[in-house]
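What follows is the residue order along each chain.
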Amino acid sequence: DGKTFRFSGANLDWLVLANDEFARLGNNTGTAKNSYRPSRWMIDDAFATLVKMNGTVARVWSVGCQGTPLSIEPELGKFNEEALQQVDYILDSAKRHGIRLVMTLCDNWDFYTGGRYQFLKWRGITDHSKFWTDPGCKADYKAYVATLVNRTNSLTGVAYKDDPTILCWESANEFVSPPEWEREMAVYIKSLDPNHLFMVGSSDVTDSRHADVQKRWVAIPEFDILQRHYYRVHGLPWA
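Residues numbered from 1 in each chain as written. Predicted model: local features only at pLDDT ≥ 70, side-chain atom pairs only at ≥ 80, totals over all residues. Heavy atoms only, no water.

(A) Representation of the overall build of the chain within the structure. Across its full length, the chain holds six helices and seven strands. Beginning at the N terminus, the succession of helices and strands in the chain can be written as β-β-β-α-β-α-β-α-α-β-α-β-α. Taken against the 2.2 N^0.38 rule, which gives 18 Å for 239 residues, the C-alpha radius of gyration of the chain at 17 Å falls within 12% of a compact globule. For the chain, the spread of C-alpha atoms along the three principal axes comes to 45 × 45 × 35 Å. The buried share of the chain, reckoned over its 239 residues, is 49%. Once local pairs closer than 6 in sequence are excluded, the contacts in the chain between residues at least 24 apart make up 71%. On the chain, roughly 11500 Å² of surface is accessible, and the fraction owed to carbon and sulfur atoms is 54%. (Helix = DSSP H or I, 4+ residues; strand = E, 2+ residues; numbered from the N terminus. Rg over C-alpha atoms; globule rule 2.2 N^0.38 Å. Buried < 20%, exposed > 50% of the residue type's maximum accessible area, 1.4 Å probe, protein only. Contact = heavy atoms within 4.5 Å. Areas by Shrake-Rupley, 256 points an atom, 1.4 Å probe, with all protein chains shown as cover.)

(B) Quick peek at the sheet that holds strand β5 (residues 100-104). With respect to topology, five strands assemble into an open sheet ordered β1-β4-β5-β6-β7, the strand pairing being parallel. What marks the edges here is a single partner per strand, and that holds for β1 (9-10) and β7 (197-199). For β5 and strand β6 (residues 166-170), the ladder comprises four bridges, and the chain directions are parallel. Bridged to L101 within β6 is I166. (Pairing = 2+ DSSP bridges.)

(C) Examining the pattern of salt bridges more closely. By the definition in use, this model includes 14 salt bridges. R96 serves as the salt-bridge partner of D92, at 3.3 Å between the closest nitrogen and oxygen. Taken as a pair, D92 and R96 lie in helix α2 (residues 81-96) at a separation of four residues, close to a single helical turn. Residue K190 pairs with D224 through a salt bridge whose shortest N-O separation is 2.8 Å. Residue K190 is located in helix α5 (residues 179-192), and its partner D224 is located in the segment after α6 (211-218); the two are separated by 34 residues in the primary sequence. Here K190 falls in the partly exposed class, since its relative accessible area comes to 25%. (Salt bridge = Lys/Arg side-chain N within 4 Å of Asp/Glu carboxyl O.)

(D) Molecular detail of α2. With 16 residues, α2 ought to run about 22 Å at 1.5 Å a step, and its terminal C-alpha atoms sit 23 Å apart, in line with that. Every buried residue belonging to α2 is among A83, L84, Q86, V87, D88, Y89, I90, L91, D92, S93 and A94, and all of these are buried. In the core, the buried residues of α2 are packed alongside α1 (40-52), β5, α4 (135-149) and β6. Near the N-terminus of α2, the side chain that reaches the backbone nitrogen of E82, with its oxygen 3.0 Å away, is that of N80. (Expected span 1.5 Å × (residues − 1). Polar contact = N/O pair within 3.5 Å; in protein donor to acceptor, adjacent residues only side chain to side chain.)

(E) Spatial organisation of the nonpolar core. In terms of nonpolar packing, the biggest core is built from 54 residues, with F47, I72, L101, F131, Y141, L148 and W169 touching the most fellow members. Secondary-structure elements contributing two or more residues to this core are α1, β4 (57-60), α2, β5, α3 (116-122), α4, β6 and α5. By residue number, the principal contributor to this core is α2, which donates seven residues. Here W169 is in contact with M103, L105, L148, V149, Y160, I189, D193, H196, L197, F198 and M199, once residues within four sequence places are set aside. In this structure, V57, V102, C168 and M199 belong to the second largest nonpolar core, which totals five residues. (Core = buried A, V, L, I, M, F, W, Y, C linked by side-chain atoms within 4.5 Å.)

(F) Representation of the side chain of E170 within the structure. Along the chain, E170 turns up in strand β6. Owing to a relative accessible area of 0%, E170 belongs among the buried residues under this scheme. A polar side-chain atom of E170 sits 2.6 Å from a polar atom in the side chain of T104. Each residue touching E170, except ones within four places of it in the same chain, is listed here: R59, V102, M103, T104, L105, M199, G201 and Q227.

(G) Fine view of the pairing of β6. For β6, the tally of buried residues reaches five of five residues, placing the bulk of the element in the interior. Where β6 meets β7, three bridges bridge the pair, whose relative direction is parallel. Counted as the bridge partner of E170 is M199 from β7. In this region the chain leaves β6, passes through α5 and returns to the parallel neighbour β7; the handedness of that crossover is right-handed. (Right-handed = clockwise from strand over helix to strand, strands pointing away.)

(H) Up close: the packing of α1 against α2. Contact geometry for α1 and α2: axes closest at 10 Å, N-to-C directions at 35°. You can see that α1 and α2 cross each other, and the crossing is right-handed. Contact residues: α1 offers R40, I43, D44 and F47, while α2 offers Q86, Y89, I90, S93, A94 and R96. Across the contact of α1 with α2, the residue classes tally to five nonpolar, two polar and three charged. (Axes fitted to C-alpha atoms, helices over the stretch in contact; angles between N-to-C directions. Left-handed = near helix turned anticlockwise from the far one by under 90°. Nonpolar A, V, L, I, M, F, W, Y, C, P; charged D, E, K, R; others polar.)

In short, the description is geometric, and any link to function would need to be established separately.
Written as structure tokens, this is what we have:
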């Protein structure tokens, strides 16, 4: 509403789909059996805890989950209504707790949530770089996005694209994506939903050590939020 919004928050990535062996990489077959949907009590408790910490935003990574029986998209082109109802409840609970959500649509890594590798497997593509250019992968990703953006919440009757509980759509978690791909997806998402911000999924484009690259990304008008993920192993400067 034309006002500066400053916030702190938490990475409550597991609210849609959780797994106690999160750190185990693989082809999802070893970890899928250990995945579960958090209970409504767990969801409410997570948001209540965040409120006690004065947090006002949560990032929900597992809203992008593909390729396992409990996922939103367990098989290519088939969507799980029970999983979508889980997202419905998360949005409803977040609203009741005064929390806004970063909705992350895909993952770069081969965790239990699926993501880029899963889309490639569905297409039988072994060259991982083809995700950014293959027409089939692009269409599959867009179909997943459209299912969420166009959904009407079964509990509140509010379409996701009209729900102010959502702070932004994040194209992915930690993509190393070219700006052309991100811009195409930003344009697509905003064609479905002009009401929400778009966060670029590539997580290192604001690295001040590469000012020329940073300027290139900042200049793209469809990008509302750029980000950087700080991990000690990356040695990124805070400034």
